[in-house]
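# Geometric and topological summary
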Amino acid sequence: MACRLIRVAGRRSFWRLQTARFAVSMPASSAKPIASFLRSSLEDNEEEIRELVSEYSKHRPSPLSMKQLTDFGRTATELQSFNFLRHEMPVRLASTMQEIDLLPAHLTQTRSVSIVKNWYRQSFKDMMQFTDSASVDRGAAKWFTRTAAGIKQRHANVVETMAQGIIEMKERYGGDEVNKYRYEIQYFLDRFYMNRISMRLLLSQHVALFADEETGQGHVGIIDPQCNVIAVINDAASNAQRLCETYYSTAPEIKYEAIGSPDYGMTVSYVPTHLFHIMFELLKNSFRAVVEEHWEKSDSLPVVKVIITKGEEDICIKVSDQGGGINRSALQKLFHYHYSTAPQVPHFRPSDFLLLSDMFFAA
């Protein structure tokens, strides 16, 4: 029996991001010299952009906890959020841009990674127009919110496009070349995807709070202080079953077991869309494994079990299936980004991913 385990944060947040208050990591004294680089010449001056990226990447992002984001979202104004993010986002974008440039040339020269680099470059330029302290007013805050929404949309397919870059490198230079740089690529992608989550969280929270987006009842931006874990998992399971049935014409049933809260009233302060995505991926993998293991052996499929345990400080979610398990020889490869047991999918354009998202994640 194969088991897959994740941990949803409670008071000890998965982010482990703690500060005493919302604070801009960049010293105030550095803001004016950096802002002096800006003006219309930035649009086409690559040297100035590189200097700005280098300068901003020297500063550390401000660590933030889920509690801080929630408390800030309940009381902050659009102007206050704008004043924080106009310095915070360039720091985070610049750090990621610097790390992309340190990747092996065979990877950065692929078409897909070049697309990702251009997205980050354009988003950095978009943010730089707000760094001048003279532009801090309500009108600028409104424009910033629209810009943030645009950046969020621009980066919607970063994960798929970066993954496609790894595939392109492997197809062009062979698996041995990817394996040669596997540790560098693994280290980079771990940081890259985590940084992307944090940036997207900040942008989504700001846009949800101040762009008149519809949010769930009781939500603070995209955060649900009383996120119903069972309900989110059930929603993810329904979507995963629908996808499995589309591909295999069948799907396993799912069975829940709650430990520590018999009435199934398990709630946690969390971002429901994040939990949904995690559970969708886990259940999708479980359903595929169960179907492929049993559909020629039996008329019925064993159920996939989801066990939710509520502790004093967190909630633990365990997905258990009878999908045949994992070969010991493959264990070391499981968390490599270039390894998968699933059949390779055909090449997609970014627009194709949007269509797939619309099919299976329609609001």
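All residue numbers refer to position in the chain's written sequence, counted from 1. Restriction of local features to residues with pLDDT of at least 70 applies here, the model being predicted, together with a cutoff of 80 or more for giving and counting side-chain atom pairs; totals for whole chains, interfaces and linings are based on all residues. Derived side-chain values reflect all non-hydrogen atoms in the structure, with water molecules and hydrogen atoms excluded from consideration.

## Some points on the overall build of the protein chain
A helix here means a DSSP run of H or I that spans at least four residues, while a strand means a run of E at least two residues long, and both kinds are numbered starting from the N terminus. Along the backbone of the protein chain there are 13 helices and six strands. The buried label applies to any residue whose accessible area, calculated with a 1.4 Å probe on protein chains only, is under 20% of its type's maximum; exposed applies above 50%, and partly exposed to all values in between. Across the 363 residues that make up the protein chain, the buried fraction comes to 44%. Residue contacts follow a heavy-atom distance rule, with two residues in contact if any of their heavy atoms lie within 4.5 Å. Pairs at least 24 residues apart make up 79% of the contacts formed inside the protein chain by residues separated by at least 6 positions.

## Notes on a nonpolar patch on the surface
A patch is a set of surface residues, each over 30% in relative accessible area and not in a salt bridge, joined within 9 Å for like charges and within 5 Å for the nonpolar side chains Val, Leu, Ile, Met, Phe, Trp and Tyr. Each accessible area is a Shrake-Rupley estimate made with a 1.4 Å probe; only the visible protein chains count as cover when residues are assessed. Within this document, salt bridges are pairs made up of a side-chain nitrogen of Lys or Arg and a carboxyl oxygen of Asp or Glu, the two lying within 4 Å of each other. Residues Ile-326, Leu-331, Leu-334 and Phe-335 make up a contiguous nonpolar surface patch of about 400 Å² in total accessible area. Here Leu-331 falls in the partly exposed class, since its relative accessible area comes to 42%.

## Here's the deal with the confidence of the model for the protein chain
Close inspection of predicted coordinates is inappropriate in any region flagged by low pLDDT. For every residue, the pLDDT score states the predictor's confidence, bounded by 0 at the bottom and 100 at the top. Looking at the protein chain as a whole, the pLDDT averages 81, with 79% of positions reaching at least 70. Per-residue pLDDT, averaged within each element of the protein chain, yields its smallest value for helix α1 (residues 28–35) (39) and its largest for helix α6 (residues 111–128) (96). pLDDT under 50 marks residues 1–41. Its contacts with residues more than four places away, or in other chains, come to 103 contacts. Across residues 350–363, confidence stays below pLDDT 50; counting only partners more than four residues off in sequence or on other chains, it has 16 contacts.

## Quick notes on the pairing of strand β5 (residues 304–310)
Both faces of the sheet carry side chains from a regular strand, because those side chains alternate between them. In this structure, strand β3 (residues 254–259) lies alongside β5, joined through six bridges in parallel fashion. Across the sheet, residue Ile-259 finds its bridge partner in β5, namely Thr-309. Summarising the sheet, β5 and strand β6 (residues 314–321) pair through six bridges and their orientation is antiparallel. Counted as the bridge partner of Thr-309 is Cys-316 from β6. Linking β5 back to β6 in an antiparallel pair, the connection comprises three residues. At least two DSSP bridges between two strands are required for those strands to pair.

## Considerations on unusual backbone geometry
Notably, Ser-249 is not glycine yet its phi reads approximately 70°, a positive angle. Following the sequence through the fold, Ser-249 ends up in the loop between α11 (229–248) and β3.

## Digging into the pairing of strand β4 (residues 267–270)
Burial along β4 is one-sided: the face carrying Val-268 and Tyr-270 is buried and the face carrying Thr-267 and Ser-269 is not. Sheet analysis places strand β2 (residues 224–228) next to β4, joined by three bridges and oriented antiparallel. Looking at the pairing, Asp-224 lines up with Tyr-270 of β4.

## Concerning helix α7 (residues 138–154)
One less than the residue count of a helix, multiplied by 1.5 Å, gives the span that helix is expected to have. Look at α7: 24 Å from first C-alpha to last across 17 residues, which is about the 24 Å you get at 1.5 Å a residue. The complete set of buried residues in α7 reads Ala-140, Ala-141, Phe-144, Thr-145, Thr-147, Ala-148 and Ile-151. Side-chain atoms alone can form a polar contact between residues adjacent in sequence; in general such a contact is a pair of N or O atoms within 3.5 Å, and within protein one must be able to donate a hydrogen while the other accepts it. Put simply, Asp-137 is the residue that caps the front of α7, since its side-chain oxygen is 3.1 Å from the backbone nitrogen of Gly-139.

## Comments concerning the pattern of salt bridges
Applying the stated rule across the entire model yields 13 salt bridges. Among the salt bridges present, the one from Glu-46 reaches Arg-121, with a minimum N-O distance of 2.1 Å. In this pair, Glu-46 sits in helix α2 (residues 46–56) while Arg-121 sits in helix α6, placing the two residues 75 residues apart along the sequence. What makes Glu-46 partly exposed here is its relative accessible area of 33%. The partner of Glu-88 in a salt bridge is Arg-92, and the shortest N-O contact between them spans 2.7 Å. Separated by four residues within a single helix, Glu-88 and Arg-92 lie in helix α4 (residues 78–101), roughly one turn from each other. Both residues of the pair, Glu-88 and Arg-92, belong to the buried class. A cluster of three or more residues bridged by salt bridges with shared partners is formed by Lys-67, Asp-71 and Arg-74.

## A short note on the environment of Tyr-56
Tracing the backbone shows Tyr-56 in helix α2. According to the relative accessible area criterion, Tyr-56 is buried, its value standing at 0%.

## Details of the nonpolar core
Put simply, a nonpolar core is a bunch of buried Ala, Val, Leu, Ile, Met, Phe, Trp, Tyr and Cys residues held in one set by side-chain atoms that sit within 4.5 Å of each other. Among the nonpolar cores identified, the biggest contains 82 residues, and Leu-283 and Ile-308 are the most heavily contacted of them. When near neighbours in sequence (up to four residues on either side) are disregarded, Ile-308 contacts Val-229, Ile-230, Ile-233, Tyr-256, Glu-257, Ala-258, Ile-259, Met-266, Ile-315, Cys-316 and Ile-317.

## Examining the packing of α2 against α6
Here an angle of 0 to 180 degrees is reported between the N-to-C directions of two axes, which are lines fitted to C-alpha atoms, with helices fitted over the stretch in contact. Running from amino to carboxyl end, α2 crosses α6 at an angle of 80°, the nearest separation of the two axes being 11 Å. One element, α2, and the other, α6, form an angle in the roughly perpendicular class. Facing α2, whose interface residues are Glu-46, Ile-49, Leu-52, Val-53 and Tyr-56, α6 presents Arg-121, Phe-124, Lys-125 and Met-128. Here the residues of the contact of α2 with α6 sort into six nonpolar, no polar and three charged. The scheme is simple: roughly parallel for angles under 35 degrees, roughly antiparallel for over 145, roughly perpendicular for 65 to 115, oblique for anything else. Residues are grouped as follows: Ala, Val, Leu, Ile, Met, Phe, Trp, Tyr, Cys and Pro are nonpolar; Asp, Glu, Lys and Arg are charged; all remaining types, including Gly, are polar.

## Considering the side chain of Arg-86
Mapped onto the fold, Arg-86 is located in helix α4. Looking at Arg-86, its side chain comes within polar contact range of the main-chain oxygen of Thr-131, at 3.1 Å.

## A short note on the packing of aromatic side chains
We call Phe, Tyr and Trp rings a pair once their centres come within 6.5 Å, taking the six-membered ring for Trp, and we label the pair stacked below 30 degrees between planes, edge-to-face above 60, and tilted otherwise. In the structure shown here, the tally under the stated rule is ten aromatic pairs. Ring centres of Tyr-56 and Phe-124 lie 6.1 Å apart, and the angle between their planes is 80°; this geometry places the pair in the edge-to-face category. Of this pair, Tyr-56 sits in helix α2 while Phe-124 sits in helix α6; the two residues are 68 residues apart in sequence, bridging distant segments of the chain. Across the pair, exposure class does not vary: Tyr-56 and Phe-124 are buried alike. An aromatic cluster is present here, built from Tyr-120, Phe-188, Phe-192 and Tyr-193 joined pairwise through their rings.

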